[in-house]
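Report on the structure
Now for the letters of each chain:
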Amino acid sequence: MDTTESSMTNLFLQLGLPAGKDEIAGFIRDHQLPEAVLVSEAPFWSDGQRQFIREEWREDADWAIVVDELNEALHADAVAARRARD
């Protein structure tokens with residue numbers, strides 16, 4: 001049983017990414033996605049990272065909430081641009 005706390009820091013560690021506050025902010029800033037691209041389909045993930053994200057989101061597992069938060073953060077610019085147009 002995995003007892004790791006589901007947090008953005010731990011999600012980044014789980015994905016094998018640098019997990020400092022500034023590193024997470026930089027990743028999100030540098031990897032913004034168009035609205036039509038699912039977070040699990042982003043081109044920057046490795047196959048293993050993509051599989052983890054898909055499984056956790058699909059199973060509505062403990063990580064699903066944090067994956068959803070990451071999804072929202074990675075789409076923030078696209079959502080803001082759409083709202084500005086509307």
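As a reminder, the structure under discussion sits directly above these lines.
One structure accompanies this document, and this report is about it. Bear in mind the structure is a predicted one, so any value in this text is a computation, not a measurement.

Moving on: the packing of aromatic side chains. This model, assessed by the stated rule, comprises 5 aromatic pairs. Measuring from centroid to centroid gives 5.3 Å for Phe-12 and Phe-27, while their planes differ by 90 degrees, and the two rings are edge-to-face. One end of the pair, Phe-12, is in helix H1 (residues 8-14); the other, Phe-27, is in helix H2 (residues 21-30), and 15 residues separate them in sequence. In this structure Phe-27 comes out as buried when scored by relative accessible area, which is 13%. Ring geometry for Phe-27 versus Trp-45: centroids 5.7 Å apart, planes at 25 degrees, classification stacked. Of the two residues, Phe-27 sits in helix H2 while Trp-45 sits in the loop between H2 and helix H3 (47-58), which places them 18 residues apart along the sequence. What makes Trp-45 buried here is its relative accessible area of 5%. Pairwise contacts between aromatic rings join Phe-12, Phe-27, Phe-44 and Trp-45 into one cluster.

The rules we used
- Residues numbered from 1 in each chain as written.
- Predicted model: local features only at pLDDT ≥ 70, side-chain atom pairs only at ≥ 80, totals over all residues.
- Heavy atoms only, no water.
- Phe/Tyr/Trp six-rings, centres within 6.5 Å; stacked < 30°, edge-to-face > 60°.
- Helix = DSSP H or I, 4+ residues; strand = E, 2+ residues; numbered from the N terminus.
- Buried < 20%, exposed > 50% of the residue type's maximum accessible area, 1.4 Å probe, protein only.

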